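# A closer look at the structure
Below, each chain spelled out in residue letters.
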Amino acid sequence: MLASVKIPSTVTLIGETDDQFILDKDGEPTNKKNTDETIFKGCTKLVEVVNLSGVQVATPDSNATIITSGDSTVEITDYVFYGEAGNYTLIQYIGEETRLTLPESYKGEQYNIRANAFDGSALKYVKITSGVKSIGDYAFNRCRSLATVEFEEGVESIGDYAFYYTPISEITLPTTIKSIGRYAFNSCGGLKTVNLNEGLKVIDSAAFGACSALNKINLPSTLETVGTYVFNGAINLKTITIPSSLKVINDYMFNGCSGLESVEIENGVNTISFMAFR
């Protein structure tokens, strides 16, 4: 996994195309620019290029930061961290443990988990400690052995597809969670119980869709916005209470919930949208 690379000032040519960015004999850039994007192609975990050469660099498969002076800000141990004070990010875990308690902090601060950080890993258990501020998109996507996830107070948001298609059976989210992204727990076929604490404001589209085993979930009184198809296909869900804080029951919210027997809608809800209970 390539996370950081440093290109020294002695480099004058990168790539093998006809359109390369070349420096003249005095080290000044010519009008020809390097458009070869194959050099770092496939380096999806690349987060930083320290480029001291003056030669143009492309990172087509990542959102890597290009630094033209100074040194690397990436630190590599079993956990790969990147960033500056006030904005640290856990990029990836490169150790071999399958049961992890994530660091309580990084350099004394909370940190974010980057998109795809653990995507497809062999993790079986993970504890999201108070050191984590946000969980990025696809962070634990397709971790097909990840059966248990524990959350401490501290994390504020869960990104899109963050736990998509994992074998989690139960989750309890802390009061610090404000938002759950699109498809965050979608296709978690073994997920039976979801405990959503007060403080949650947003559940985005299809977050718990295709959770066919889901039979218990509570919607907190702080919930303000719910996307479409949120519980699509939750065939074992039997009862639900819609809190007064949620003004709109969105399109297809309970689409395909064939086992739903009881719905209590509290005073305050003003809109039931298209095919919400189809």
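Scroll up to find the structure.
Anyway, here's the lowdown on the structure attached to this text. This is a predicted model, so every value here is computed, not measured.

Thresholds, definitions, all that
- Residues numbered from 1 in each chain as written.
- Predicted model: local features only at pLDDT ≥ 70, side-chain atom pairs only at ≥ 80, totals over all residues.
- Heavy atoms only, no water.
- Helix = DSSP H or I, 4+ residues; strand = E, 2+ residues; numbered from the N terminus.
- Contact = heavy atoms within 4.5 Å.
- Areas by Shrake-Rupley, 256 points an atom, 1.4 Å probe, with all protein chains shown as cover.
- Lys, Arg positive; Asp, Glu negative; His and termini not counted.
- Charge placed at Lys NZ, Arg CZ, Asp CG, Glu CD.
- Buried < 20%, exposed > 50% of the residue type's maximum accessible area, 1.4 Å probe, protein only.
- Pairing = 2+ DSSP bridges.
- Axes fitted to C-alpha atoms, helices over the stretch in contact; angles between N-to-C directions.
- Core = buried A, V, L, I, M, F, W, Y, C linked by side-chain atoms within 4.5 Å.

## Things to note about the overall build of the chain
Secondary structure summary: the chain contains zero helices and 22 strands in total. Across its three principal directions, the C-alpha atoms of the chain cover 80 × 40 × 30 Å. Taking all contacts inside the chain whose residues are at least 6 apart in sequence as the whole, residues at least 24 apart take part in 29%. About 13300 Å² of surface is accessible on the chain, with carbon and sulfur atoms providing 45% of the total. Of the charged side chains in the chain, 22 are positive and 33 negative, and the gap between their average positions amounts to 5 Å.

## Describing the environment of proline 220
Topologically, proline 220 is positioned in the loop between strand 17 (216-217) and strand 18 (225-226). Taking the relative accessible area as the measure of exposure, proline 220 reaches 1% and is therefore buried. Counting along the chain gives 23 residues from proline 220 to asparagine 197, while the straight-line C-alpha distance between them is 6.2 Å. Sequence-distant contacts of proline 220, defined by excluding residues within four places in its chain, comprise Leu196, Asn197, Glu198, Leu200, Pro243 and Ser245.

## Some points on the sheet that holds strand 2 (residues 48-51)
An order of 1-2-3 is seen for the three strands of this open sheet, with the pairing classed as parallel. Lying at the two open borders of the sheet, with one neighbouring strand each, are strand 1 (4-7) and strand 3 (65-67). In this sheet, adjacent strand axes meet at a mean angle of 15° when their direction is disregarded. Where strand 1 lies against strand 2, four bridges are found, and the strand directions are parallel. Paired with isoleucine 7 across the bridge in strand 2 is asparagine 51.

## A word on the nonpolar core
Of all hydrophobic cores here, the largest spans 61 residues; its most connected members are Ile135, Phe140 and Phe208. Broken down by element, the residue count for this core peaks at three residues, all from strand 6 (residues 87-93). If you look at the next biggest cluster of nonpolar residues, it comprises nine residues, including Ile7, Phe40, Cys43 and Val49.

## Digging into the sheet that holds strand 16 (residues 202-203)
Sheets are built from strands paired through backbone hydrogen bonds, the pairs being either parallel or antiparallel. The mixed open sheet is built from nine strands, whose spatial order is 4-5-6-8-10-12-14-16-18. The outermost strands of the open sheet, each flanked by one partner alone, are strand 4 (75-76) and strand 18. Inspection of the sheet shows strand 5 (residues 79-84) paired to strand 6 by six bridges, in the antiparallel sense. Pairing of glycine 83 across the sheet is with tyrosine 88, part of strand 6.

Any functional reading would require information that these geometric values do not contain.
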